[in-house]
Amino acid sequence: MKLVISASPHISSGATTRKIMGDVLIALCPALIAAIVIFGWRALLVTAVCAAACVFFEWGFEKLCHKPSTVGDLSAVVTGVILAYNLPVSIPLWQAVFGCLVAIVAVKQLFGGIGKNFANPALVGRIVLFLSFSKTMTAWVFPDAVSSATPLAQLAAGQKPELLTLLLGNHGGCIGETCALALLLGGVYLLIRGVITWQTPVCFVGTVFVLSLVLGQDALRQVLSGGLFLGAFFMATDYVTAPQTYWGRALFGIGAGLLTCLIRFYGSYAEGVSFAILFMNILTPYLSRWTQSKPLGGAKA
Amino acid sequence: MKLHIHGVHVPNRKNTAELAALRLPIPETVEIPMSMHIGAPAIPVVKPGESVRVGQLIGKAGGFVSAPVYASVSGTVKKIGQQVGSGGRLMQTVVIAADGKQEPDPELKPPKLDTMQDFLDAVRESGMVGLGGAGFPTVVKLTVKNLEQVKAGIINGAECEPYITSDTRTMLDRSDELMEGARLVQHFLQVRRVIFAIEDNKPRCIQLYRKLTKDEDGMEVCALKSLYPQGGEKVLIYNTIGEIVPEGKLPLDVGAVVLNCTTLANIARYCKTGMPLVEKCITVDGSAVAKPKNVIVPIGMKLADVFEQAGGFCAEPKKVLYGGPMMGIAVPDLEQPVLKNTNAILAMTEADAVLPEPSACIRCGRCIRHCPLRLMPSHIVAAYEAGNMERLAELKVNLCMECGCCSFGCPAHRPLVQTNKLAKAKLAVWRKAQSEKLDAKKEAVK
């Protein structure tokens, strides 16, 4: 009889990267359904193409580099879906695929694959597309209207979009960002499942709310507009590119909220969530260090 | 401000909690190691061919931090042997062929118990070590220079590891001895508070000891949340008396003496009958075990014999553990004996023997959130891999109690606590070298 010898512990909680990513995908479902209802079937097509492209690039890159495939952990699917949610429904598919290439190969794999990238792949994918194809990336085609300004543009122009419209998301914007209600539902699911902790989304959204209030903006509409919920629940909470400590996550949320407001109110772009999160991604190693936990009973070094 | 001590919800699997311990037949031979404790090994005092009886001294303590070893069966000493223990070190053993009569040593008699010194001598002579698993000689723990220091005696009945119920059975089946032990500690250490600390997944034990301590002065029951590692000494001290044991200090420095409940019951037994530690109640369980149960066996009984007598296997065992699945030690073969500090032996089938292969760290921070001592395992691994000793010192890896919460909760199955163990050893060597360097410098200046 040959016995296995290994160091303790001999059991595990059963948590796996795949299960976590699976939970994120489940949490993204309500927003997908909302997107199909609001923007039509092309929303599903763009999402599916992005997911497939991300998986393909991940598989292909690892194949080329003779690395074990990590497609099974579903992280590439999550990147694809989130990137799609950040694109307008009318985006040419080849541009969407180019965004996936940037996200998976340039941002994730070239830095060493899952766990090693310093910035959120989907986010950088979106920013690269936004800067490269600003025309198609801001073509807010909306089925019912000929063209529709996004709520943020309306707010900037002094108009007041309906609150109910903001909640349900039947207005111009990216595929997955418009329906605040669906995103909130997904976010709550992630919180309940313990996939994310409350510090990031609460501090992020809270900071935007308070700052808007202080700076004389329509706080409620600022919070419900643009990509804030998508960013706060699904992008700022990305494990790899956000701090691991509670306090670090709180600071990350506050910083991202602050930058979002600065860009929205004083910058030349209508929306600032992506750049805010990207900036905080870069600060993450420092946030982790600054908020290092104090070991129980630890003497001063 | 009251801190929340983190931990993990481990599966309960206390299948044997309701099963009173069964006494197994005495095996043909026992092989008793001379090193079943932390500290110097005991020195054999018997020779092959000599006949021994139950409770007779066969190995005398090898120093202050050591413990004597007694014959667990009556019979004839076959040989003074050697065995590779589960820790990988060669241990001296005394092999005894049992005659099955289990005659006690006629010279055994209850010890004189007039003074604190008498009590300490009794604990030393009983051969007692920390039976919760640590195996630290109990007398060393109880040797208190200044009795004023002791604020609370904490009786550890947390038993937070999955599967294990031998302490539960001690609390339920040996309540007289345990209460007597509590009174001894209260009397000799002059403690004002004796606390029975029991996890709330053992409501029967909590109920029983609430009843038993109702009319006792200075005794109380503390029902603890079932959250692993509740039974870890530092965690237990904080959750019962609210004191944090500082780095480099002992529980005694914050006024706490923590004793495992089975340790205490056995001390009481020795004080009453003079019978030292020669047998153990252990939980036999695991997915490969046909009929999980609690059994009473002589120390030194081979695991193969225990499993066979306890009903055998229902599937081929692929991993066998001393202790629970969180901190237990995997044994190389079933020739290993039951030790003083063995509280369970678990046999796992192939499906449970090997954990999934590690994948890349996704920096989710679960290891940090789970660590009861608020260490940062993911950062420790990074520092260890980079060989950054200053950073390891700063991250206080030396405080790690190796409970395994970090590895248990890791979705990437990273070897976190395993790396902590390596890092601790490496840091200790580095610190020693550093202080030697410093000494050499001082010497040069002189």
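About the thresholds
- For every chain, the first residue of the written sequence is number 1, and numbering continues from 1 onward in sequence order.
- Naming scheme: in the order in which they are written, chains are lettered from A and ligands are numbered from 1.
- Side-chain atom pairs in this predicted model are given and counted only at pLDDT of 80 or more, local residue features only at pLDDT of at least 70, and totals for whole chains, interfaces and linings cover all residues.
- Note: side-chain values were computed over all heavy atoms of the structure, leaving out hydrogens and water.
- Helix numbers and strand numbers start at the N terminus; a helix is a DSSP run of H or I with at least 4 residues, a strand a run of E with at least 2.
- Restricting the calculation to C-alpha atoms gives the radius of gyration, and the globule rule supplies 2.2 Å times the number of residues raised to the power 0.38.
- We get accessible surface area from the Shrake-Rupley algorithm with a probe of 1.4 Å; when it comes to residues, only the shown protein chains can shield them.
- Note that His is not counted, nor are the chain ends; the positive residues are Lys and Arg, and the negative ones are Asp and Glu.
- Where a charge sits is defined by one atom per residue type, namely NZ (Lys), CZ (Arg), CG (Asp) or CD (Glu).
- Each residue gets one of three labels from its accessible area relative to the maximum for its type: buried under 20%, exposed over 50%, partly exposed in between, using a 1.4 Å probe on protein chains only.
- The contact criterion used throughout is that any non-hydrogen atoms of two residues lie within 4.5 Å.
- When DSSP finds two or more bridges between a pair of strands, those strands are recorded as paired.
- Accessible surface is computed with a 1.4 Å probe, and the buried area is the amount of it that two parts give up when combined, taken over both parts together.
- Each residue gets one label: Ala, Val, Leu, Ile, Met, Phe, Trp, Tyr, Cys and Pro are nonpolar, Asp, Glu, Lys and Arg are charged, and the others, such as Gly, are polar.
- Here, a salt bridge means any side-chain nitrogen of Lys or Arg that lies within 4 Å of a carboxyl oxygen of Asp or Glu.
- Think of a polar contact as two N or O atoms within 3.5 Å of one another; within protein, one of them needs to be a possible hydrogen donor and the other a possible acceptor, and neighboring residues in sequence only count if both atoms come from side chains.
- Lines fitted to the C-alpha atoms define the axes, with helices restricted to the stretch that makes contact. Angles between their N-to-C directions range from 0 to 180 degrees.
- Reported orientations rely on four angle classes, namely roughly parallel under 35 degrees, roughly antiparallel over 145, roughly perpendicular from 65 to 115, and oblique for the rest.
- Working rule for handedness: look at the near helix, and if it is turned counterclockwise from the far one by less than a right angle, call the crossing left-handed; if clockwise, right-handed.
- We define a nonpolar core as any set of buried Ala, Val, Leu, Ile, Met, Phe, Trp, Tyr and Cys residues linked to one another through side-chain atoms lying within 4.5 Å.
- The score called pLDDT rates the predictor's confidence residue by residue, from a low of 0 to a high of 100.
- By convention in this document, the label disulfide applies to cysteine sulfur atom pairs within 2.5 Å.
- Segment limits for the domains were obtained from an automatic or database-derived domain assignment.

Colleague: What am I meant to see in the overall build of chain B here?
Modeller: Within chain B, the regular secondary structure consists of 14 helices and 17 strands. Against the 2.2 N^0.38 benchmark of 22 Å for 446 residues, chain B shows a C-alpha radius of gyration of 22 Å, consistent with a compact globule. Judged by the C-alpha coordinates and their principal axes, chain B covers about 60 × 60 × 55 Å. Put simply, chain B shows about 18600 Å² of open surface, and 53% of that area lies on carbon and sulfur atoms. On chain B, the mean spot of the 55 positive side-chain charges and the mean spot of the 47 negative ones are 5 Å from each other.

Colleague: What is the right way to look at the overall build of chain A in this model?
Modeller: Each helix and strand counted, chain A has 14 helices and zero strands in total. Counting helices and strands in the order they occur from the N terminus, chain A gives α-α-α-α-α-α-α-α-α-α-α-α-α-α. Whereas a compact globule of 301 residues would reach a radius of gyration of roughly 19 Å, chain A reaches 20 Å, a difference of no more than 12%. The principal-axis extent of the C-alpha atoms belonging to chain A is close to 75 × 50 × 30 Å. Relative to its full complement of 301 residues, chain A shows a buried share of 57%. Taking all contacts inside chain A whose residues are at least 6 apart in sequence as the whole, residues at least 24 apart take part in 74%. With an accessible surface of roughly 12800 Å², chain A has 71% of that area assigned to carbon and sulfur atoms. Side-chain charges of chain A comprise 18 positive and 10 negative groups, with the mean position of each set lying 11 Å from the other.

Colleague: Any chance you could explain the sheet that holds strand β2 (residues 29–33) of chain B here in plain terms?
Modeller: Residue and element names in this part refer to chain B. Spatially, the four strands line up as an open sheet ordered β2-β8-β7-β4, and their pairing is antiparallel. With one partner strand each, in any of the chains shown, β2 and β4 (51–52) form the two edges of the open sheet. Pairing geometry for β2 and strand β8 (residues 90–98), over five bridges, is antiparallel. Residue pairing in the sheet places Pro33 in a bridge with Thr93 of β8.

Colleague: Please clarify how the interface of chain A and chain B should be interpreted in this entry.
Modeller: Interfaces are often sized by the amount of accessible area the parts lose when they come together. Listed by partner, the interface residues are 42 residues for chain A and 63 residues for chain B. Between chain A and chain B lies a buried interface of about 4400 Å² when both sides are counted; carbon and sulfur atoms form 58% of it. Among the residues of chain A in contact with chain B, His10, Gln244 and Leu296 of chain A are the three that bury the most area, contributing 19% of the side total. When the residues that make up the side of chain A that touches chain B are grouped by side-chain class, the tally is 18 nonpolar, 18 polar and six charged.

Colleague: Is there a simple way to think about the side chain of Glu177 of chain A in this case?
Modeller: Residues and elements named next belong to chain A. In this structure, Glu177 sits in the loop between α8 (163–168) and α9 (180–192). Buried Glu177, no salt bridge; nearest opposite-charge side chain is Arg126, N-O distance 4.9 Å. Of note is the side chain of Glu177, whose polar atom sits 3.2 Å from the backbone nitrogen of Cys174. Not counting residues up to four positions away in its chain, the partners in contact with Glu177 are Tyr85, Leu183, Gly226, Gly227 and Leu230.

Colleague: For this particular structure, what's the right way to read the packing of helix α10 (residues 199–214) of chain A against helix α12 (residues 228–235) of chain A?
Modeller: To describe two helices that pack against each other, one gives the angle between their axes and the distance between the axes. All names here are of chain A. Two elements in contact, α10 and α12, have axes separated by 8 Å at closest approach and are oriented at 155 degrees. Here α10 lies roughly antiparallel to α12, going by the angle between them. When the axes of α10 and α12 are compared, the crossing they make is right-handed. Between α10, through Pro201, Phe204, Val205 and Val208, and α12, the contact on the second element is made entirely by Leu228, Phe229, Gly231, Ala232 and Phe233.

Colleague: Help me out: how do you make sense of the pattern of salt bridges in this one?
Modeller: Two side chains of opposite charge can pair, provided their charged atoms sit close to one another. Residues and elements named next belong to chain B. Taken as a whole and assessed by the stated rule, the structure comprises 24 salt bridges over all chains. Notably, a salt bridge pairs Glu402 with Lys424, separated by 2.8 Å at the nearest N-O pair. Here Glu402, found in the loop between α12 (389–394) and α13 (405–409), pairs with Lys424, found in helix α14 (residues 416–445); they are 22 residues apart in sequence, far enough to count as distant. Assessed through its relative accessible area of 23%, Glu402 is described here as partly exposed. Overlapping salt bridges, with partners in common, bring together Arg23, Arg174, Glu177, Arg269 and Glu279 in one network.

Colleague: I'm lost on the pairing of strand β17 (residues 344–348) of chain B in this one. Help?
Modeller: Residues and elements named next belong to chain B. Counting buried positions over the five residues of β17 gives five, a clear majority of the element. Both faces of β17 are covered, namely the face carrying Ala344, Leu346 and Met348 and the face carrying Ile345 and Ala347. Inspection of the sheet shows strand β13 (residues 279–285) paired to β17 by three bridges, in the parallel sense. Looking at the pairing, Thr283 lines up with Ala344 of β17. Bridge analysis of strand β15 (residues 319–322) against β17 gives four bridges, and the strand direction is antiparallel. Bridge pairing in β17 links Val320 to Ala347.

Colleague: Looking at this model, I keep getting lost on the nonpolar core. Mind explaining?
Modeller: The nonpolar side chains of a soluble globular protein tend to be buried, and buried together. In this structure, Leu87, Phe204, Phe229 and Phe234 of chain A are the most contacted members of the largest nonpolar core, which totals 84 residues. If one sorts the elements of this core by residue count, helix α1 (residues 17–39) of chain A sits on top with 13 residues. Other than its neighbours up to four places away in sequence, Phe204 of chain A contacts Leu228, Gly231, Ala232, Ala236, Gly253, Ile254, Ala256, Gly257, Thr260, Val273 and Ile277 of chain A. By size, the runner-up hydrophobic cluster in this structure holds 80 residues, among which are Val94, Ile299, Leu303 and Val338 of chain B.

Colleague: Teacher, can you tell me more about the sheet that holds strand β5 (residues 57–60) of chain B here?
Modeller: Whenever strands of a sheet pair, they do so through backbone hydrogen bonds, lying parallel or antiparallel. Residues and elements named next belong to chain B. In space, the three strands of this open sheet follow the order β3-β5-β6, with antiparallel pairing throughout. In this open sheet, the two strands that pair with only one neighbour each are β3 (43–44) and β6 (69–70). Both β3 and β5 contribute to a ladder of two bridges, which runs antiparallel. Looking across to β5, one finds that Pro44 is bridged to Gly59.

Colleague: Looking at this model, I keep getting lost on the confidence of the model for chain A. Mind explaining?
Modeller: In low-pLDDT regions, the fine details of the predicted coordinates are not to be read closely. The pLDDT averaged across chain A works out to 93; a share of 97% of its residues lies at or above 70. Here helix α7 (residues 151–156) of chain A stands out as the least confident element of chain A, with mean pLDDT 84; helix α3 (residues 75–85) of chain A is the most confident, with 98.

Colleague: What am I meant to see in the state of the cysteines here?
Modeller: Disulfide: a covalent bond connecting the sulfur atoms of a pair of cysteines. Applying the stated rule across the entire model yields zero disulfides over all chains. With no disulfide partner, Cys65 of chain A has as its closest neighbouring cysteine sulfur the one in Cys54 of chain A, 17 Å distant. Lacking any disulfide linkage, Cys406 of chain B is separated from the closest cysteine sulfur, that of Cys400 of chain B, by 6.4 Å. Since its relative accessible area comes to 8%, Cys406 of chain B is described here as buried.

Colleague: Please explain the domain arrangement of chain B as it appears in this structure.
Modeller: Residues and elements named next belong to chain B. Annotation of chain B at the domain level lists domain 1 (116–273) and domain 2 (366–445). Put simply, the middle of domain 1 and the middle of domain 2, counted by C-alpha atoms, are 30 Å apart. Across the contact, five residues belong to domain 1 and eight residues belong to domain 2. In this assembly, domain 1 packs against domain 2 so that about 580 Å² is buried in total across both faces, 66% of it on carbon and sulfur atoms. For the domain 1 face of the interface with domain 2, the top three residues by lost area are Tyr228, Lys234 and Glu247, together amounting to 71%. Counting across the domain 1 and domain 2 interface gives one salt bridge. Here Glu247 and Lys396 are joined by a salt bridge, their closest N and O atoms 3.0 Å apart.

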